[in-house]
Amino acid sequence: MYLKRLDIKGFKSFADNTELQLNPGLNIVVGPNGCGKSNIVDAIRWVLGETSIRQLRGQKNEDVIFNGSDKKKALGMAFVELVIDNSDHSLPLDFSEITLGRKVHRSGESEFYLNKSRVRLKDISDLLSGSGVGKKGYAIISQGELEEVLNGQALDRRLMLEEAAGVIKYRQQRDEVKKR
Ligand code: ATP
Ligand code: MG
């Protein structure tokens, strides 16, 4: 499984329709400070179902919508679409290509899409759970989080590693059994 394409329209600094083609393996985005590199990562987090606006470096939901610049008017809607190559069937769906989308209007709630059909956020989370991708995984490590890993207490670091290795649920189950 790998991220094949990202389409961004009206999300944060991306006023114009922007299409990013990615290849298997390492892809590197370079550019000056403030040009929108982290916004690309925010767009990926958002479409994967991030619900905490603070994780996306905003304060309110509409902060993800392009809010205007010297030359361009603010937009009313943000849309991000992500195309995943699933030819190894890492994600449990019988498609070799999976499209995830999310849209939000200034006035409203987010809409989620799976292969262009409207779905609930829960459908996206269920699909991604256990895949290492998505809200709870450490597939995405932000600038701040790296500092947390480096400067963190021993126990916090251990918990992060357990989460990343997928064993934390067993610790939780063990703790529950011990309580009985
Ligand atoms: P650095 O190298 O410093 O990490 P970066 O390339 O990661 O920079 P980002 O943090 O992705 O930069 O982008 C920041 C820019 O995005 C700022 O100029 C900010 O004004 C702009 N931005 C954020 N939200 C919006 C929005 N809703 N509408 C328009 N522009 C926005
Ligand atoms: Mg950045």
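Residues numbered from 1 in each chain as written. Chains lettered and ligands numbered in written order. Predicted model: local features only at pLDDT ≥ 70, side-chain atom pairs only at ≥ 80, totals over all residues.

Thoughts on the overall build of the protein
Right, on to step 1. Looking only at helices and strands, one finds five helices and six strands in the protein.
Right, on to step 2. Dimensions of the protein, computed from the C-alpha atoms along their principal axes, are close to 60 × 40 × 35 Å.
Right, on to step 3. For the protein, with 180 residues in total, the buried portion stands at 17%.
Right, on to step 4. Within the protein, contacts between residues separated by at least 24 positions form 49% of all contacts whose residues are at least 6 apart in sequence. (Helix = DSSP H or I, 4+ residues; strand = E, 2+ residues; numbered from the N terminus. Buried ≥ 20, exposed ≤ 12 C-beta atoms within 10 Å, placed from the backbone. Contact = placed C-beta atoms within 7 Å.)

Concerning the UniProt feature "binding site: ATP" (unreviewed entry) in the protein
Right, on to step 1. The feature "binding site: ATP" (unreviewed entry), as annotated in UniProt, sits at P32, N33, G34, C35, G36, K37, S38 and N39 in this numbering.
Right, on to step 2. Note that N33 resides in the loop between strand 2 (18-21) and helix 1 (37-47).
Right, on to step 3. Along the polypeptide, G36 turns up in the loop between strand 2 and helix 1.
Right, on to step 4. Residue G36 is classed as partly exposed on the basis of its C-beta count, with 18 C-beta atoms lying within 10 Å.
Right, on to step 5. Every residue in contact with G36, bar those within four places of it in the chain, is listed here: K12, S13 and F14. (UniProt positions renumbered as here; feature names shortened; annotations may be inferred.)

Considerations on helix 4 (residues 154-165)
Every α-helical turn comprises 3.6 residues, leaving residues that sit three or four positions apart pointing alike.
Right, on to step 1. Across its twelve residues, helix 4 extends 16 Å between first and last C-alpha, which sits within 8% of the 16 Å expected from 1.5 Å per residue.
Right, on to step 2. Where helix 4 ends, the next residue or the one after it, G166, has phi of about 80 degrees, a positive value. (Expected span 1.5 Å × (residues − 1).)

Structural notes on the pairing of strand 3 (residues 77-85)
Right, on to step 1. Across seven bridges, the pairing between strand 1 (residues 2-9) and strand 3 is antiparallel. In the strand pairing of strand 3, K9 is matched with F79.
Right, on to step 2. Here nine bridges tie strand 3 to strand 4 (residues 97-105), and the two strands are oriented antiparallel to one another. Across the sheet, D85 pairs through a bridge with E97, a residue of strand 4. (Pairing = 2+ DSSP bridges.)

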